[in-house]
Amino acid sequence: MLDDVHICPPDGPPLREERDALDLIAETWGRDAAWVAVPVERLHDDFFALATGVAGQITQKFANYRLGLAVVGDISRFTAGSAAVRAWVAEANRGRELWFVRDLDELAARRA
């Protein structure tokens, strides 16, 4: 069930900073979306470099606007080399604001 999910195309501008998140939120506004599904290809590598604070800034913007953020795709290149990223992904997936899913089918199953 993805009726209330705005699915972003993989070839759009990358999300690298708060302004990019706000642009995507503005694009989503008026679509009655509760979630935004962003392909991992749209996220700058800084999103997964936790020390940069980019992930926190971006996810906080979505939370402020009461939108869930689903990162869709293979993130193994980021989790393979970082125990901190693995722990963050596991914690996020237990929550209600940020999820990391393999594909849209997994997102639909979690939303059901």
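Note that the structure is predicted; figures quoted are calculated from it, not measured. (Residues numbered from 1 in each chain as written. Predicted model: local features only at pLDDT ≥ 70, side-chain atom pairs only at ≥ 80, totals over all residues. Heavy atoms only, no water.)

1. Quick look at the sheet that holds strand β1 (residues 5–7)
Here comes step 1: Reading across from one edge, β1-β2-β3-β4 is the order of the four strands in this open sheet, with parallel pairing throughout. Sheet topology places β1 and β4 (98–101) at the edges, where each strand pairs with a single neighbour. On average, each strand axis in the sheet is tilted by 20° relative to the strand beside it, whichever way the strands run.
Here comes step 2: Bridging between strand β3 (residues 68–72) and β4 involves four bridges; their strand directions are parallel. By the bridge assignment for β4, leucine 69 is matched with leucine 98.
Here comes step 3: Across the sheet, helix α5 (residues 104–111) lies against β1, β2 (35–39), β3 and β4, angled at about 135° from β4, the strand it touches most. (Pairing = 2+ DSSP bridges. Helix = DSSP H or I, 4+ residues; strand = E, 2+ residues; numbered from the N terminus. Axes fitted to C-alpha atoms, helices over the stretch in contact; angles between N-to-C directions. Contact = heavy atoms within 4.5 Å.)

2. Points about the nonpolar core
Here comes step 1: Of all hydrophobic cores here, the largest spans 26 residues; its most connected members are Phe47, Phe48, Phe62, Val71, Trp88 and Phe100.
Here comes step 2: Those elements giving two or more residues to this core turn out to be α1 (18–28), β2, α2 (54–64), β3, α4 (83–94) and β4.
Here comes step 3: Every residue in contact with phenylalanine 47, bar those within four places of it in the chain, is listed here: Val54, Ala55, Ile58, Thr59, Val71, Trp88 and Phe100.
Here comes step 4: In terms of nonpolar packing, the next biggest core, distinct from the first, is built from eight residues, Val5, Trp35, Ala70 and Val101 among them. (Core = buried A, V, L, I, M, F, W, Y, C linked by side-chain atoms within 4.5 Å. Buried < 20%, exposed > 50% of the residue type's maximum accessible area, 1.4 Å probe, protein only.)

3. Focus on the environment of alanine 109
Here comes step 1: Here alanine 109 shows up in helix α5.
Here comes step 2: Of the residues examined, alanine 109 reaches a relative accessible area of 57% and is grouped as exposed.
Here comes step 3: Placed 108 residues apart in sequence, alanine 109 and methionine 1 show a C-alpha to C-alpha distance of 7.4 Å.

4. Focus on the pattern of salt bridges
Here comes step 1: Following the criterion strictly, the structure yields seven salt bridges and no others.
Here comes step 2: Lysine 61 is paired through a salt bridge with glutamate 18; the nearest N and O atoms lie 3.2 Å apart. You can see lysine 61 sitting in helix α2 and its partner glutamate 18 sitting in helix α1, a full 43 residues away along the chain.
Here comes step 3: The partly exposed category is assigned to glutamate 18, whose relative accessible area is 32%.
Here comes step 4: The residue aspartate 45 makes a salt bridge to arginine 77 at a minimum N-O spacing of 2.8 Å. With aspartate 45 in the loop between β2 and α2 and arginine 77 in helix α3 (residues 76–79), this pair connects stretches of sequence that are 32 residues apart. (Salt bridge = Lys/Arg side-chain N within 4 Å of Asp/Glu carboxyl O.)

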